[in-house]
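Listed here are the chains, written in short residue letters.
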Amino acid sequence: MTVTRRALLASGIAVPALPPFAMAAPAVPYLDSGDAPAPFDIVPEPPFVADPSLLRLDTGWLFHKGDIVVPQPMGHEDTYHAAKAGVAPGAAGVAWDDSDWREVVLPHDWAMEEPVDPTANVAQGYRKRGIGWYRRTLQLPPEWRGKYLEIQLGAAATNATVWFNGINVAHSYSGYTAILIDITPYARFGEELNTLSVRVDADTMEGWWYEGAGLYRHNWLAVRDPVAIVTDGLHADPRRVDGRWTVPVALTVANNARQAATVQAEAVLFDAAGREIGRATGAVTIDPLDRGEARMTIAVADPKLWSVETPTLYRVEARLLRDGKAIDTRATRIGFRDLRFDAGTGFYLNGQHVKLKGVCVHQDHAGVGVAMPDALWDWRARRLKAMGCNAIRCSHHAPAPEMLDACDRLGILVMDENRNFNPSPDFLAQLEWLVRRDRNRPSVIMWSVFNEEPMQATEQGFEMVRRMAHVVKELDDSRPVTAAMNDGMFTPLNVSQAVDVVGINYQHRSYDPFHAAHPAKPMTSSEDTSAFMTRGVWKTDLAKHEMSSYDTEAADWGLTHHQSWKEIDTRAFVGGTFVWTGFDYHGEPTPFEWPTTSSLFGIMDLCGFAKMAFHLRRAQWEDAAPALAIAPHWTWPGREGQPIRVMVLSNADTVELSLNGKSLGKQKVDRLAMPEWQVPYQSGRLEAVAWRGGREIARTSVETVGAPVALQLIADRRTMLGTGTDVQPFTVAAVDARGRVVPGADARVTFAVTGGAVIGVGNGDPNDHDSEVEPVRRLFSGLAQALVRADAGAGTVTLTASAPGLKSARVMARVVKAEPLPALPPTRPVAQLTDWKRSEFVATRPDPLRVYAKNDMNSLLGARPGRLEQSRDAAAVWSTYRTTFVPRRRVAEQGGVVAFAEVVGRAEAWIDGERRAVKSDPAAGPLLVPFPKGAGEHALVLLVQAEPGQPSGLGKVVAVRER
Ligand code: GAL
């Protein structure tokens, strides 16, 4: 949650005094005046820890762009070995040389690093995507042996294959679904390292928008007791039955131990102030490798309800106890609210009618693509709330959990959507995962199973949705299932009959006939509008690929903002609107193509800067707080005397416009149309005053400004968290000699930062081809944005913006000490030799250079470092250990050493037929075997002589490293 400084102080978090430097004005500037003030003095709440067994796995990764294809094995021996577990070839395997790979910190979207390219896919924003590989070495402490270990990859755009220690452990067929991998059976501990390899295929497309490329969400390692709550295994979603509230709690518990287990379960409910207000207990017995469920119910008298205006969150903490000792805990935030859709009058939350004033969103932002920093979700949600928006449709896929966290906290209703319309098992699993993950969230009010599927009008489509809806209902019986239809709702059998609430995309002419034909079927617009605006542009110029902000342009299948809201607002039976879209996004540059690379549909641009539509929607949607804005700006040199169309966007009863103190008349506000004037241009000051009930409620103005002389930087918040991951957008504008923002300024701004890093830039211009990752950006319609990540620890972020001919600007944000989430530390990859063959013990010294037939799979035995061998015959003391290795690049260039951490027995080490080291002491000890430079495969043989009757062999790990 965003909290005030006072709340932060009360919470005991250290907040240093405000630094003694001037801070910029607390507003995200909108050049046409009237922008909603930004909550400047807020600090993001430290992340809510729902699962304390999780360690972040975002650092320590190596990345390779492009595919790595290795030749197929040809010989029988190679083919035989390649078919075994643990020996995946190439970069999927443990031994692959990744020493030249680039270090990356996740979330990562490699497509954002690519230049736009006219030969690439238009819908994906003209960025080449391709294939990429990630690898991560994991060192797991020995005390984790016996624990349940699970790797969680937040999402991989688009498809992915995952190997752990050379074993193929997961495939992902959706770029929006988490990949959960139980690595318990394959994990190695202590000095033995583990290798995670991920091949991400971003050539596969699941959407017709920018989808990014890579591991673009957070990643985790879960370390749990062998008997533990499964991932997303805490289900707690309040119910009101006969006016009484309860929290039914179901805990899904898995037993990975080797014996059956009986565990006690406990669920505790805390109110918003952290006071315990109820608890319940249960128990469950689970067979080994099975799952069980503990069900409990907590009764609650008179809870504070969760609503759009007051999103009160409670917390359920579930504990698992074994012999009285807590072995696992999980927490979830819940809200007490109930909902229903009425076929005649729309949506009700807690019995109160709520018209859905929603937007569709994709998940990318300027500068970072789909690798969205957590704080940016919060920022975007605040921007939407400031507009009076109360709903989001996650079009057309599962959103990042951090986005839903923001919706729960801020009171935004969510249509949670599935990507793939497909009830076959692999794809149904994606839908199940989504519902399991999100079914505790008060914000989520509907499950959408598809968007605009051509099979919607058919019996097959109906049967598919019927199955998908059934799966949803099995997991959650409280929220309606919907589907976003753009056709087919009048055929005899179609998907509208398989859903609870019909979603209609566009097709506003179908609203009335559909309602007339199905008066008992609730419906909502699931998508509408698709209007075009280029921020700060007031005249459509098709040649320049620019669209006017006067709300005159819309797609053929869409409507302008004015028209669309009118169709929906005037029909009580339409649950509400989901405007396409809240924010511009990369890709889908409709109605244009190259050189336009991002969309123009947004109410806000790609940076979240307000277009005119923001003020229009705010004036239409916000009923309480005064809304008043003037459009356009008032700097039109050369247009003196010519009429300028002026819009006033307000939720007042009456507004009056005046120019340079002279009234241009009063108008009653029709909130569907909004007052307009034709004003002959004269430089100066255009002012609007708004009245409600005869009382002035707001006043705003726009002024004719002079030439830009300086830059201005504006922070969103003056405080950042020193977790090393907090990010905030800074706005840069150019101002005239009197400090007023210059609407048309287009200076090229260079950013420099201390105490942090610029991780991306943007300006909202769909036609700008400059890099979004270099710290340089041209102002577009007067504005640009830099996304800055603060370094870890307490300190100050200082951002400077400079441009030729303009005075530079500097802004600071203080960084308060905050604990980062616990993480698995990075481990440097080391080439370890893990796969060995050993000969039987013999009584006389064997020939270390003996050659075994290629097709001989059985004369040699398996051996592993860390496992000593004992001869059954005291006289048979000799054995050989063999393996092969390909040195990593640096070692191949310079020569290296095979380092046996511990050999037990006397030993000789032979590499490529030459004896290179001898260990004459039979006691356990290290052995270093130098070898010369040279690429290619080396054959290594260790001849070991045991002490009679004693174990011998490879006591510990064996590594190949530089000398
Ligand atoms: C819809 C579709 C959206 C987007 C939009 C553009 O048909 O659902 O994803 O493409 O059109 O107008």
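Residues numbered from 1 in each chain as written. Predicted model: local features only at pLDDT ≥ 70, side-chain atom pairs only at ≥ 80, totals over all residues. Heavy atoms only, no water.

Draft legend 1. Up close: the overall build of the chain. From N to C terminus, the chain includes ten helices and 60 strands. The C-alpha atoms of the chain give 32 Å as radius of gyration, which agrees with the globular expectation for 963 residues (30 Å, within 12%). Counting only C-alpha atoms, the chain reaches 110 × 70 × 55 Å along its principal axes. Per-residue burial over the chain gives 60% buried out of 963 residues. Taking the intrachain contacts of the chain between residues at least 6 apart in sequence as the baseline, contacts between residues at least 24 apart amount to 72%. Taken together, the 104 basic and 113 acidic charged side chains of the chain have centroids lying 4 Å from each other. (Helix = DSSP H or I, 4+ residues; strand = E, 2+ residues; numbered from the N terminus. Rg over C-alpha atoms; globule rule 2.2 N^0.38 Å. Buried < 20%, exposed > 50% of the residue type's maximum accessible area, 1.4 Å probe, protein only. Contact = heavy atoms within 4.5 Å. Lys, Arg positive; Asp, Glu negative; His and termini not counted. Charge placed at Lys NZ, Arg CZ, Asp CG, Glu CD.)

Draft legend 2. Region of the structure containing the environment of Trp634. Mapping Trp634 onto the fold places it in the loop between β34 (628-631) and β35 (643-650). Considered as a pair, Trp634 and Gly955 are 321 residues apart in the sequence and their alpha carbons are 80 Å apart. Those residues in contact with Trp634 that sit more than four places away from it in its chain are Ile644, Val646, Leu659, Val679, Pro680, Tyr681, Gln682, Gly684, Leu686, Val702, Glu703 and Thr704.

Draft legend 3. Region of interest: the packing of helix α8 (residues 561-569) against helix α9 (residues 612-621). Running from N to C, α8 and α9 cross one another at 25 degrees; their axes reach a closest spacing of 11 Å. When the axis of α8 is compared with that of α9, the two are roughly parallel. Between α8 and α9 the crossing geometry is right-handed. Note on element contacts: α9 touches α8 through Ala613, Leu616, Arg617, Gln620 and Trp621, opposite His561, His562, Ser564 and Trp565. In terms of residue class, the contact of α8 with α9 is built from four nonpolar, four polar and one charged. (Axes fitted to C-alpha atoms, helices over the stretch in contact; angles between N-to-C directions. Parallel < 35°, antiparallel > 145°, perpendicular 65-115°, else oblique. Left-handed = near helix turned anticlockwise from the far one by under 90°. Nonpolar A, V, L, I, M, F, W, Y, C, P; charged D, E, K, R; others polar.)

Draft legend 4. Just the sheet that holds strand β3 (residues 54-56), in detail. As summarised here, the arrangement of the four strands in space is β3-β14-β7-β11, forming an open sheet in which the pairing is antiparallel. Two strands lie at the open edges of the sheet, namely β3 and β11 (179-182), each paired on one side alone. When strand polarity is set aside, the average angle formed by the axes of neighbouring strands in this sheet is 20 degrees. Examined bridge by bridge, strand β7 (residues 148-153) and β11 share four bridges and lie antiparallel to one another. Counted as the bridge partner of Gln152 is Leu180 from β11. (Pairing = 2+ DSSP bridges.)

Draft legend 5. A look at unusual backbone geometry. In this chain, Trp580 is followed by Thr581 through a cis amide linkage whose omega measures 0 degrees. Inspection of the secondary structure puts Thr581 in the loop between β33 (576-580) and α9. The omega angle of the peptide bond from Trp594 to Pro595 is 10 degrees, so this bond is cis rather than trans. Here Pro595 shows up in the loop between β33 and α9. The phi angle at Ser530 is positive, at roughly 50 degrees, despite the residue not being glycine. Along the polypeptide, Ser530 turns up in the loop between β32 (523-529) and α8. On the basis of relative accessibility, which here comes to 1%, the residue Ser530 falls in the buried class. We note that Glu588 has phi near 40 degrees; this positive angle belongs to a residue other than glycine.

Draft legend 6. Seen up close, helix α5 (residues 425-438). End to end, α5 covers 20 Å across 14 residues, agreeing with the expected 20 Å (1.5 Å per residue, within 8%). What α5 keeps buried is the set Phe427, Leu428, Gln430, Leu431, Trp433, Leu434, Val435, Arg437 and Asp438. Each element contacted by the buried residues of α5 is listed here: β15 (227-236), α4 (401-410), β28 (413-417), β29 (444-451) and α6 (459-475). (Expected span 1.5 Å × (residues − 1).)

Draft legend 7. The sheet that holds strand β31 (residues 501-505), seen in detail. Strand order in the closed barrel formed by eight strands is β26-β27-β28-β29-β30-β31-β32-β33, with parallel pairing between adjacent strands. Neighbour to neighbour, the strand axes of the sheet diverge by 25 degrees on average, direction disregarded. Pairing between strand β26 (residues 356-361) and β33: five bridges, direction parallel. Within β33, the position partnered with Cys360 by the bridge is Trp580.

Draft legend 8. Region of the structure containing the site of the ligand. Around the ligand sit Trp208, His396, Asn451, Glu452, Asn505, Tyr506, Glu527, Ser530, Trp557, Trp580, Glu588 and Phe601, and that is every residue in its neighbourhood. Within the side chain of Glu588, an N or O atom sits 2.5 Å from an oxygen atom of the ligand. Relative to its unbound accessible area of 310 Å², the ligand is 91% covered by the protein chains. Class assignment of the residues belonging to the shell around the ligand gives a composition of five nonpolar, four polar and three charged. (Near = heavy atom within 4 Å. Polar contact = N/O pair within 3.5 Å; in protein donor to acceptor, adjacent residues only side chain to side chain. Areas by Shrake-Rupley, 256 points an atom, 1.4 Å probe, with all protein chains shown as cover.)

Draft legend 9. Layout of α6. With 17 residues, α6 should reach 24 Å at 1.5 Å per residue; the first-to-last C-alpha distance of 25 Å fits that figure. Of the positions making up α6, those classed as buried are Gly461, Phe462, Met464, Val465, Met468, Ala469, Val471, Val472 and Leu475. In the core, the buried residues of α6 are packed alongside β15, α5, β29 and β30 (481-485).

Draft legend 10. View of the confidence of the model for the chain. The predicted model of the chain averages 94 in pLDDT, with 96% of residues at 70 or higher. Counted against residues more than four places away or in other chains, residues 1-39, with its pLDDT under 50, gives 97 contacts. (pLDDT = per-residue confidence, 0-100.)

Draft legend 11. Representation of the pattern of salt bridges in the model. In the structure shown here, the tally under the stated rule is 70 salt bridges. Here Arg479 and Asp476 are joined by a salt bridge, their closest N and O atoms 2.9 Å apart. Taking the relative accessible area as the measure of exposure, Asp476 reaches 1% and is therefore buried. Taken together, the shared-partner salt bridges connect Arg685, Glu687, Glu696, Arg699, Glu703, Asp736 and Arg740 into one network. (Salt bridge = Lys/Arg side-chain N within 4 Å of Asp/Glu carboxyl O.)

Draft legend 12. Representation of the nonpolar core in the model. Counting 168 residues, the largest nonpolar core has Trp61, Tyr134, Ile151, Val198, Val359, Leu413 and Trp634 as its most contacted members. No other element matches the eight residues that α6 contributes to this core. (Core = buried A, V, L, I, M, F, W, Y, C linked by side-chain atoms within 4.5 Å.)

Draft legend 13. Inspection of the environment of Glu676 at higher detail. Here Glu676 lies in strand β38 (residues 676-680). A C-alpha to C-alpha distance of 8.9 Å links Glu676 and Leu649, two positions 27 residues apart in sequence. Those residues within four positions of Glu676 in sequence are excluded, and the remaining contacts are Arg645, Val646, Met647 and Gln667. Within the local environment of Glu676, its side chain forms a polar contact with the side chain of Arg645, the two groups lying 2.8 Å apart.

Draft legend 14. Structural view of the pairing of strand β9 (residues 159-164). Of all the six residues making up β9, six are buried; the element is thus mostly covered by neighbouring parts of the structure. Of the two faces of β9, the one holding Asn159, Thr161 and Trp163 and the one holding Ala160, Val162 and Phe164 are both buried throughout. Both β9 and strand β10 (residues 167-172) contribute to a ladder of five bridges, which runs antiparallel. Bridge assignment links Val162 to a residue of β10, and that residue is Ala170.

Draft legend 15. Local environment of the packing of aromatic side chains. This structure, assessed with the given rule, holds 21 aromatic pairs. With 4.8 Å between their ring centres and 40 degrees between their planes, Phe63 and Tyr134 make a pair best called tilted. With a gap of 71 residues between them, Phe63 in strand β4 (residues 61-65) and Tyr134 in strand β6 (residues 131-138) connect regions that are remote in the sequence. For the pair Phe63 and Tyr134, one class covers both residues: buried. Between Tyr585 and Phe601, the aromatic rings sit 6.5 Å apart at their centres with planes inclined by 15 degrees, giving stacked as the arrangement. Placement of Tyr585 in the loop between β33 and α9 and of Phe601 in the loop between β33 and α9 is noted, with a sequence separation of 16 residues between them. Note on Phe601: relative accessible area 2%, which makes it buried. Ring-pair connections join several aromatic residues into one group, and the members of that group are Trp61, Phe63, Trp110 and Tyr134. A cation over a ring is seen here: Lys84 above Tyr80, with NZ or CZ 4.2 Å from the ring centre. For Arg340, the ring lying beneath its charged end belongs to Tyr348, and the centroid distance is 4.3 Å. (Phe/Tyr/Trp six-rings, centres within 6.5 Å; stacked < 30°, edge-to-face > 60°. Lys NZ or Arg CZ within 6 Å of the ring centre and 35° of its normal.)

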